[in-house]
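Here is what each chain is made of, one letter per residue.
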Number of protein chains: 2
Amino acid sequence: MKKKIGVVLSGCGVYDGSEIHEAVLTLLAIDRNSAEAVCMAPDMELLEIDHLAGQPTGAKRNVLVESARIARGNIRDIAGVKADELDAIIFPGGFGAAKNLCDFASKGADASIQPDVARLLKEMAAAQKPIGAICIAPALIAAVLGKEYAPEVTVGNDAGTAVAINATGSRHLNCPVRELVIDSKNRIVSTPAYMLAGCISEAAEGIEKAVKAVIDMA
Amino acid sequence: MKKKIGVVLSGCGVYDGSEIHEAVLTLLAIDRNSAEAVCMAPDMELLEIDHLAGQPTGAKRNVLVESARIARGNIRDIAGVKADELDAIIFPGGFGAAKNLCDFASKGADASIQPDVARLLKEMAAAQKPIGAICIAPALIAAVLGKEYAPEVTVGNDAGTAVAINATGSRHLNCPVRELVIDSKNRIVSTPAYMLAGCISEAAEGIEKAVKAVIDMA
């Protein structure tokens, strides 16, 4: 039986959803480590950003429907996913992790969390199942689990984000782009990816190490 | 100076644009081979497909704007790209390659080609610069270059597509998913990827080999 690794997507595109490279590299690393990806996303609206202009369009899209692009249609509503189906869970980055799955991007440590994302993350932590978080997604983990678990995570070396993460009760550690931070006690793995990466191969190296660490722990 | 490899995108999502995994794996392989990706797409409409439902929505999107999601905003209108800027060019697959860049999906060998795509491909062929094509994209190459160059290409082993490709004056060769077909005379490299792949690592292996072959030839 392959290990089942949840991959929580937040749309399709770095500015309003999941960072596409990070999500695909996560899926590749899961497959290459002989595990099975279980893609999921919340059924909710997102505010569309034109990725050519870098500006909001004023239109809305659906997080689950857009995430299905990355998953080639093979995706579930996170509302129906329980921790006992999964051996581990991984959150790719992109602004969607901080704007759709929660509102950390605007609220920092006081972020509200999408209810099913919060529930599943708390279930995974309570079951001591490994959690991976890439790019800005460690901020989501910090906002959900900070008070109870005081996890150690990284988003690279962004000082403002580090302050907000520390304010959740979590601890931010600086980390180079090709490396990862492992909180062994809480079984939480994080890597900076495009918070620092200047090119896709830099992001890939950290993601490959982080996904392998999550799967080895599972 | 890094070799400059054009990557022609056709939207963002397997059913109405570029196959996202194939596009990202192409960008990764280019970077890991110490070359530079030059992403481009035509500024034109596409018919939106809901990737969760697998159905048309009736709405339209813009190919260049959607492709910018995969390129993280770093993308050019193909109308402004000339062959003398590039050392090679690669076309990832996805239905967008056969529905947006041309209408091979509905017209087969009689396909019309988006004018700038046709122009740039013909410029590259005339300059004997390497051309890579992934998944269904070799059908586009066949439709543009078949009469003049009679290229040998693969989309895997789909009999109907092979007949249509042969009808362009090109020659289809069957090929396993992890392998590639190299037409040395015309410097055209193709690999089946998701025309055959059952998982992302299968697609990745063929794409890594094909991109490396294109860059080595350039």
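Since this is a predicted model, take the numbers as computed values, not measurements. (Residues numbered from 1 in each chain as written. Chains lettered and ligands numbered in written order. Predicted model: local features only at pLDDT ≥ 70, side-chain atom pairs only at ≥ 80, totals over all residues. Heavy atoms only, no water.)

Student: Mind laying out the overall build of chain A, listing which residues take part and the relevant values?
Tutor: What chain A contains, in helices and strands, is 8 helices and 11 strands. Here chain A has a C-alpha radius of gyration of 15 Å; the compact-globule value for 218 residues is 17 Å, and the two agree. Seen through its C-alpha atoms, chain A measures out along the principal axes to roughly 45 × 40 × 35 Å. For chain A, buried positions account for 61% of its 218 residues. Summed over its atoms, the accessible surface of chain A is roughly 7900 Å², and 49% of this surface lies on carbon and sulfur atoms. Between the averaged position of the 22 positive side-chain charges in chain A and that of its 27 negative side-chain charges there is a distance of 4 Å. (Helix = DSSP H or I, 4+ residues; strand = E, 2+ residues; numbered from the N terminus. Rg over C-alpha atoms; globule rule 2.2 N^0.38 Å. Buried < 20%, exposed > 50% of the residue type's maximum accessible area, 1.4 Å probe, protein only. Areas by Shrake-Rupley, 256 points an atom, 1.4 Å probe, with all protein chains shown as cover. Lys, Arg positive; Asp, Glu negative; His and termini not counted. Charge placed at Lys NZ, Arg CZ, Asp CG, Glu CD.)

Student: Any chance you could break down the pairing of strand β4 (residues 55-62) of chain B for me, citing the residues and the numbers?
Tutor: All names here are of chain B. Where strand β3 (residues 45-50) lies against β4, 5 bridges are found, and the strand directions are antiparallel. Counted as the bridge partner of E45 is N62 from β4. Turn length for the β3-β4 hairpin, with the two strands adjacent in sequence and antiparallel, is 4 residues, and the turn residue G54 shows positive phi of about 70°. (Pairing = 2+ DSSP bridges.)

Student: Please give an account of helix α2 (residues 63-70) of chain A that cites residues and values.
Tutor: Residue and element names in this part refer to chain A. Of all the 8 residues making up α2, 8 are buried; the element is thus mostly covered by neighbouring parts of the structure. All buried positions along α2 are accounted for by V63, L64, V65, E66, S67, A68, R69 and I70. Structurally, the start of α2 carries an N-cap: the backbone nitrogen of L64 is 2.8 Å from a side-chain oxygen of N62. Looking one or two residues past α2, R72 carries a phi angle of roughly 55°, positive in sign. (Polar contact = N/O pair within 3.5 Å; in protein donor to acceptor, adjacent residues only side chain to side chain.)

Student: Explain the sheet that holds strand β2 (residues 36-41) of chain B to me, using residue names and the numbers behind them.
Tutor: Residues and elements named next belong to chain B. Here we have 7 strands laid out as an open sheet, ordered β5-β2-β1-β6-β7-β11-β10, and mixed in their pairing. Each of the sheet's edge strands pairs with one partner strand only, and the pair in question is β5 (76-77) and β10 (181-183). Where strand β1 (residues 4-8) meets β2, 5 bridges bridge the pair, whose relative direction is parallel. Its bridge partner being in β2, K4 is matched across the sheet by E36. In the packing of helix α6 (residues 137-149) onto the sheet, contacts are made with β6 (88-91), β7 (131-134) and β11 (188-191), and the angle to β7 comes to roughly 135°. Along the sheet, helix α8 (residues 200-217) contacts β1, β6, β7, β10 and β11; its crossing angle with β11, the most-contacted strand, is approximately 175°. (Contact = heavy atoms within 4.5 Å. Axes fitted to C-alpha atoms, helices over the stretch in contact; angles between N-to-C directions.)

Student: Describe the pattern of salt bridges, with residues and values.
Tutor: One pass over the full model with this rule turns up 36 salt bridges over all chains. Notably, a salt bridge pairs E66(A) with R61(A), separated by 3.5 Å at the nearest N-O pair. With its nearest N and O atoms 2.4 Å apart, the salt bridge here joins R61(B) to E48(B). Of the two residues, R61(B) sits in strand β4 while E48(B) sits in strand β3, which places them 13 residues apart along the sequence. Here the salt bridges do not stand alone but share partners, grouping D16(A), E48(A), R61(A), E66(A), R69(A), D16(B), E48(B), R61(B), E66(B) and R69(B) into one network. (Salt bridge = Lys/Arg side-chain N within 4 Å of Asp/Glu carboxyl O.)

Student: Go over unusual backbone geometry, please, and point to the residues and values.
Tutor: Non-glycine residue R187(A) carries a positive phi angle of around 60°. One can find R187(A) in the loop between β10 (181-183) and β11 (188-191). With a phi close to 45°, A150(B) is a non-glycine residue in the positive phi region. Tracing the backbone through its elements, the reader meets A150(B) in the loop between α6 and β8 (152-153).

Student: An account of the relation of the copies chain B and chain A is requested, with residue identities and associated values reported.
Tutor: Of the two same-sequence chains, chain B is brought onto chain A (RMSD 0.0 Å, axial shift 0.0 Å) by a rotation of 180°. This pairing of chains is accounted for by a two-fold axis. Identified as the residue of chain B closest to the rotation axis by C-alpha distance is V24(B), at 3.5 Å. An overlap of 100% is found between the interface residues of chain B and their copies at the interface of chain A, pointing to a shared contact surface. (Least-squares fit on C-alpha atoms with pLDDT ≥ 70 in both.)

Student: Give me the lowdown on the sheet that holds strand β1 (residues 4-8) of chain A, citing residues and values where you can.
Tutor: All names here are of chain A. On the basis of which strands lie adjacent, the open sheet formed by 7 strands has the order β5-β2-β1-β6-β7-β11-β10 and mixed pairing. Unpaired on one side and paired on the other, β5 (76-77) and β10 mark the two borders of the sheet. Its contacts with the sheet place helix α5 (residues 115-126) against β2 (36-41), β6 (88-91) and β7 (131-134), and it is angled at close to 135° to β6.

Student: Outline the interface of chain B and chain A, supporting the account with residue identities and numerical values.
Tutor: On the side of chain A, 36 residues touch chain B, which itself brings 36 residues to the contact. Summing the contributions of chain B and of chain A, the shared interface buries around 3100 Å²; its carbon and sulfur component is 58%. On the chain B side of the interface with chain A, the three residues burying the most area are L52(B), R69(B) and R72(B), jointly 26% of the side's total. Put simply, chain B and chain A have 8 salt bridges between them. Among the salt bridges present, the one from E208(B) reaches R32(A), with a minimum N-O distance of 3.1 Å. In this structure, the connection of chain B to chain A is made through 18 residue pairs in polar contact (both at pLDDT 80 or more). Elements that contribute at least two residues to the side of chain B that touches chain A include exactly α1 (20-32), β3, α2 (63-70) and α8 of chain B. Among the elements that line the side of chain B that touches chain A, the one with the most residues is α1(B), at 8 residues. When grouped by side-chain class, the residues that make up the side of chain B that touches chain A number 19 nonpolar, 5 polar and 12 charged. (Buried area = accessible area lost by both parts, 1.4 Å probe. Nonpolar A, V, L, I, M, F, W, Y, C, P; charged D, E, K, R; others polar.)

Student: So, the packing of helix α8 (residues 200-217) of chain A against α1(B): which residues are in play, and what are the values?
Tutor: Remark: α8(A) packs on α1(B), axes separated minimally by 8 Å, with the N-to-C direction vectors making an angle of 105°. Relative to α1(B), the element α8(A) lies roughly perpendicular. In this structure, α8(A) uses I200(A), S201(A), A204(A), E205(A) and E208(A) to contact α1(B), whose residues at the interface are V24(B), L27(B), L28(B), D31(B) and R32(B). Broken down by class, the residue content of the contact of α8(A) with α1(B) amounts to 5 nonpolar, 1 polar and 4 charged. (Parallel < 35°, antiparallel > 145°, perpendicular 65-115°, else oblique.)

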